[in-house]
Amino acid sequence: MATTATAPITKSWSGGKSPFNVEYGKLMMWYFLMSDAFTFGAFLISYGTIRFSTNGWPDPNAVFKSFPFAPEGANAPLVFVSVMTFILIISSVTMVLAVQAGHNMDKKKVTTNLIWTIIGGIAFLSCQAWEWNHLHHEGAWWGSNPFLNADGTASSTNFTNYFFTITGFHGFHVFSGVIINIIMLIMTLTDQFEKRGHYLMIEKAGLYWHFVDLVWVFVFTCFYLI
Amino acid sequence: MSNEAVLHAPAEAGLHLDAHGDDHHEHHHHETFISKYVFSQDHKMIAKQFLITGMVWAVLGGLMSVLFRLQLGYPDSTFPFLQDLLGKWAEGGKITPEAYYALVTTHGTVLVFFVLTAGLSGTFANFLIPLQIGARDMASPFMNMLSYWFFFAASIVMLSSLFVETGPFSGGWTAYPPLSALGDASPGSKTGMDLWLISMALFVVSSLLGGLNYIATVLNMRTKGMSMTRLPLTIWALFFTAVLGVLSFPVLFSGFILLIFDRNFGTSFYLSDIFINGVGALPNEGGSAILYQHLFWFLGHPEVYIILLPAMGMVSEILSVNSRKPIFGYMAMIGSLFAIAILAFLVWAHHMFVTGLNPFLGSVFVLLTLLIAVPSAIKVFNWLTTLWRGNIRFTPGMMFSIGFVSLFISGGLTGIWLGNSALDIHLHDTYFVIAHFHIVMGVASMFGMFAGIYHWFPKMYGRFLNNTMGYIHFWVTLAGAYLIFWPMHYQGLAGMPRRYYDYSAWESFKQFTELNRFISTVAMIVFAVQLLFLFNFFYSIFKGRKVTTTNPWGANTLEWTTPINPGHGNWVGEIPEVHRWAYDYGKDGKEFIVQTKAVGADESHH
């Protein structure tokens, strides 16, 4: 929060006002994100536990090496996922701009930046859909793993099991974020925030969006880099 | 731009701030039956909805325990009425093994989650938080309403699982794989388990919606002057409960999602190298059943504190009010609640000492587990010193509070035994464990809940519960709880495993035939007395002695400054300002000084 409490620190907890100078909705959003972080944390720790108790694991560079319209046999490890990641991070930047514009009650800029954020979200989801589809055509799915371990031995299906479950769960979060952003856009366009005199809802949607981006950084690291 | 203007606006915007409790005048707004009793957004009505739904589940869950105690106490007898009740699950009047396991499983699930989580913290967090911190309602009354209806949906799904052809889930309330992951493993692992998982997922959503609301309300909505250290201990306890729930249920949720995939989509998160009779070897490879136990108990252990902390908070309040003394060691009480909340997350593996856990890691968990004895002992001694030389009024609520302390000591001491990994090798999965957690968490928290109901019933319904029935309820339940669970310690020490269908087949356990019959008989008597309580509850709602003053117990907290039957919005006119902590009892010769009274110039300091 940019606004600092003017009252001395001892007063801020003494009742009659919010100790953090935030409305309840934002407080709830922070606690919800903590809760959601535990959900993702549990997933990723489970993944780590299973991966490191398994003898071998496929090399991500050998699995994620294709991109749309690539020639047969193209070998471009992690290029496509880097593009995906870049898109999602840029969409976080446009979200920041939308929140900033909201602080300045600039409806036009809020609208533009929200639209860019929504486009970024949809672009990310489309990339993910392409990647899933591509892997599925290679024979990968829940319960089936065509990839060999890095040392050439047969791999357990838990490579694909975790990949699809966790990136799917994250993709579902991105999808929810896009829906939330679309609702925010409609509310902006119908002047609901102008009538309220503040764009705090956009801030809360922004918190969620940044969180989803942050989670992707961890998912990306765990599945593509390590 | 300032946020101050919008800080409290959303919660107050939808409220009817005029009072309409203690008279029957017509008002300019109309509440329909639907908006007042069904889709209500009034925290007090939502609390009652949680309470009564919880009571329905308590009766069902309790009845299940009576049914399986019938099997345990009379393994050789048949009871024709059982066939009328359970149909094919009790062919010839004898409960089948499948039905027995389904009863045990559903009893556990229902009592832990639906009665002692939703029924206890759902009821009292909703009822007490706004009333005791001086707020008109929860931060988000709408989300609060959703929280109840998700719980209701979870209840309906769980209830429907009792009626499917293959029966409800029967693999224990902890739902360990592979039994829970493979439909071929047992009849209850088929549709019943799917419904169990759906129900629990809905329950997690309900708990999250409620928990976020409780936290935001306690932090943001306190009235002027209500600093955190002036809060009644009930609120502190409910606050920590909500934090525990918000941080531990999501991990269970992750565990359940992986389980759903294992069940339905051919994954092997929890499965490896399995052979099923009649099916053959399964292709699953590379998973770990222990992983599920870690995910489950990361919720499972905080869950016991989610159940226990609200009871602790209410007991602290009721003991102080009825001893006419300040609570002893208020800050120590908060500190110990905090310590318990932190330690709750660091001890889960003490449920897993015999899974092959590294003994060194086990010893770390032993240490952390035994550390919980410190804050627990602080709380016990503070309760005892609150009672010490108090001017005690033995109301039914007070009796149940003292009963809680007794049960918490008795059950807590055996926790020290079980927390030792070496002793646990002998004691795990025996009746000793059953005795321990039923006393310390089950019955103790039920006592906390009863104490809360007896104490706040006048605020809920404007009438008193009948005292005579209350005393009968208390003494029979207390004596019954000890008579049921005390002997189980000896059975457990003698090696009697839990979850067996019929002990008469073992020479070693034949000595307990009479004792099992005795336990079953007491269980039935205790169950009957709970029906007496239910009669008292519903009779008193309509015919109980009316409350004539706003503050019948002479208590300091804010809920007793509202009208006898507060409307939606709680206070007529302004919300009162708070000038002191909640425990000025017997100060400067005054019996009690309510929190709204300004501190006098000649008043002594505490």
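Computed from a predicted model, the values in this text were never measured in an experiment.

**Comments concerning the overall build of chain B**
Argument step 1. Helix and strand counts for chain B stand at 17 helices and four strands.
Argument step 2. Whereas a compact globule of 606 residues would reach a radius of gyration of roughly 25 Å, chain B reaches 25 Å, a difference of no more than 12%.
Argument step 3. By principal-axis analysis of the C-alpha atoms, chain B measures approximately 80 × 55 × 50 Å.
Argument step 4. In chain B, which comprises 606 residues, the proportion classed as buried is 55%.
Argument step 5. Residue pairs at least 24 apart in sequence account for 79% of intrachain contacts in chain B once pairs closer than 6 positions are excluded.

**Digging into the overall build of chain A**
Argument step 1. Helix and strand counts for chain A come out as eight helices and zero strands.
Argument step 2. Listed N to C, the secondary structure of chain A is α-α-α-α-α-α-α-α in terms of helices and strands.
Argument step 3. Considered along the principal axes of its C-alpha atoms, chain A spans approximately 65 × 40 × 20 Å.
Argument step 4. Counting every position in chain A, which comprises 226 residues, the buried fraction comes to 35%.
Argument step 5. Counted over contacts in chain A with a minimum sequence separation of 6, partners at least 24 positions apart contribute 66%.

**Observations regarding helix α8 (residues 200-225) of chain A**
Residues and elements named next belong to chain A.
Argument step 1. Between its terminal C-alpha atoms α8 stretches 37 Å, which fits the 38 Å expected from 26 residues at 1.5 Å a residue.
Argument step 2. Looking only at α8, the buried set comprises Leu200, Ile202, Glu203, Ala205, Gly206, Trp209, Phe211, Val212, Asp213, Val215, Trp216 and Val219.
Argument step 3. In this structure, the buried residues of α8 make contact with α2 (24-52), α4 (79-103), α5 (107-137) and α6 (158-189).

**Observations regarding the nonpolar core**
Argument step 1. Residues Ile215, Leu238, Phe239, Val315, Phe404 and Ala444 of chain B are the most contacted members of the largest nonpolar core, which totals 212 residues.
Argument step 2. Here the element with the most residues in this core is helix α8 (residues 233-264) of chain B; it accounts for 21 residues.
Argument step 3. Taken domain by domain, this core gets at least three of its residues from each of domain 1 (39-250) and domain 2 (547-606) of chain B.
Argument step 4. Apart from the residues within four sequence positions on either side, Ile215 of chain B is in contact with Tyr31 of chain A together with Phe239, Ala242, Val243 and Val246 of chain B.
Argument step 5. Of all hydrophobic cores here, the second largest spans 14 residues; its members include Met64, Leu82, Ile95 and Ala102 of chain B.

**A word on the environment of Gly152 of chain A**
Argument step 1. In this fold, Gly152 of chain A is placed in the loop between α5 and α6.
Argument step 2. Sequence separation of Gly152 of chain A and Gly56 of chain A is 96 residues, and the distance between their C-alpha atoms is 9.0 Å.

**Description of the domain arrangement of chain B**
Residues and elements named next belong to chain B.
Argument step 1. According to the domain assignment, chain B contains domain 1 (39-250) and domain 2 (547-606).
Argument step 2. Placing the centre of domain 1 and that of domain 2 at their C-alpha centroids yields a distance of 34 Å.
Argument step 3. Split into classes, the residues belonging to the side of domain 1 that touches domain 2 amount to five nonpolar, five polar and four charged.

**Points about the interface of chain B and chain A**
Accessible area lost on assembly of the parts is the figure often given for the size of an interface.
Argument step 1. Taken together, the contact pairs 41 residues of chain B with 38 residues of chain A.
Argument step 2. Looking at the side of chain B that touches chain A, the elements with two or more residues in it are α7 (191-220), α8 and α9 (289-323) of chain B.
Argument step 3. Here the side of chain B that touches chain A gets nine residues from one element, more than from any other, and that element is α8 of chain B.
Argument step 4. Residue composition of the side of chain B that touches chain A, grouped by class: 23 nonpolar, 15 polar and three charged.

**Structural notes on the packing of α4 of chain A against α8 of chain A**
All names here are of chain A.
Argument step 1. One way to put it is that α4 packs onto α8 with a least axis distance of 10 Å and a crossing angle of 160 degrees. In terms of axis orientation, α4 runs roughly antiparallel to α8. Seen along the crossing, α4 lies across α8 with a hand that is left-handed. In contact with Val81, Thr85, Leu88, Ile89, Ser92, Met95, Ala98, Val99 and Gly102 of α4, α8 contributes Ile202, Glu203, Gly206, Trp209, His210, Asp213, Trp216, Phe220 and Tyr224.
Argument step 2. In the contact of α4 with α8, the residues fall into eleven nonpolar, five polar and two charged.

**Looking at the environment of Phe159 of chain A**
All names here are of chain A.
Argument step 1. Positionally, Phe159 belongs in helix α6.
Argument step 2. Overall, the presence of 24 C-beta atoms within 10 Å leaves Phe159 in the buried class.
Argument step 3. Through-space distance from the C-alpha of Phe159 to that of Arg51 is 7.9 Å; in sequence the pair is 108 residues apart.
Argument step 4. Among residues more than four places away in sequence, those in contact with Phe159 are Trp57, Pro58, Asn145 and Phe147.

**Side note on the confidence of the model for chain B**
Residues and elements named next belong to chain B.
Argument step 1. Across chain B, the average pLDDT comes to 92, with 95% of residues at or above 70.
Argument step 2. pLDDT under 50 marks residues 1-28. Its contacts with residues more than four places away, or in other chains, come to 44 contacts.
Argument step 3. Reported confidences for the modelled complex are a pTM of 0.93 and an ipTM of 0.92.

**Let's talk about the packing of α5 of chain A against α6 of chain A**
Residues and elements named next belong to chain A.
Argument step 1. Where α5 contacts α6, the axes come no closer than 9 Å and their chain directions differ by 155 degrees. Considering the angle they form, α5 stands roughly antiparallel to α6. The way α5 lies across α6 gives a crossing that is left-handed. The residues of α6 that touch α5, namely those facing Lys107, Val110, Thr111, Leu114, Ile115, Thr117, Ile118, Gly121, Ile122, Phe124, Leu125 and Gln128, are Thr167, Gly171, Val174, Phe175, Gly177, Val178, Asn181, Ile182, Met184, Leu185, Thr188 and Leu189.
Argument step 2. Split into classes, the residues belonging to the contact of α5 with α6 amount to 14 nonpolar, nine polar and one charged.

**Let's talk about the environment of Phe265 of chain B**
Argument step 1. Residue position: Phe265 of chain B is located in the loop between α8 and β1 (275-276).
Argument step 2. The class for Phe265 of chain B is partly exposed, based on 13 C-beta atoms found within 10 Å.
Argument step 3. Sequence spacing of Phe265 of chain B and Thr229 of chain B is 36 residues, and the spatial spacing of their C-alpha atoms is 51 Å.
Argument step 4. If sequence neighbours within four positions are ignored, Phe265 of chain B has contacts with Trp142 and Gly143 of chain A.

**Here's the deal with unusual backbone geometry**
For residues that are not glycine, phi is negative in most cases, and the peptide bond is trans in most cases.
All names here are of chain B.
Argument step 1. Going from Pro177 to Pro178, the amide bond is cis rather than trans, its omega being 5 degrees.
Argument step 2. Relative to the helices and strands, Pro178 is located in the loop between α6 (141-161) and α7.
Argument step 3. Although it is not a glycine, Arg389 sits at a positive phi angle of roughly 55 degrees.
Argument step 4. Note that Arg389 resides in the loop between α12 (373-387) and α13 (396-418).

Procedures and definitions
Residues numbered from 1 in each chain as written. Chains lettered and ligands numbered in written order. Predicted model: local features only at pLDDT ≥ 70, side-chain atom pairs only at ≥ 80, totals over all residues. Helix = DSSP H or I, 4+ residues; strand = E, 2+ residues; numbered from the N terminus. Rg over C-alpha atoms; globule rule 2.2 N^0.38 Å. Buried ≥ 20, exposed ≤ 12 C-beta atoms within 10 Å, placed from the backbone. Contact = placed C-beta atoms within 7 Å. Expected span 1.5 Å × (residues − 1). Core = buried A, V, L, I, M, F, W, Y, C linked by C-beta atoms within 7 Å. Domains from an automatic or database assignment. Nonpolar A, V, L, I, M, F, W, Y, C, P; charged D, E, K, R; others polar. Axes fitted to C-alpha atoms, helices over the stretch in contact; angles between N-to-C directions. Parallel < 35°, antiparallel > 145°, perpendicular 65-115°, else oblique. Left-handed = near helix turned anticlockwise from the far one by under 90°. pLDDT = per-residue confidence, 0-100.

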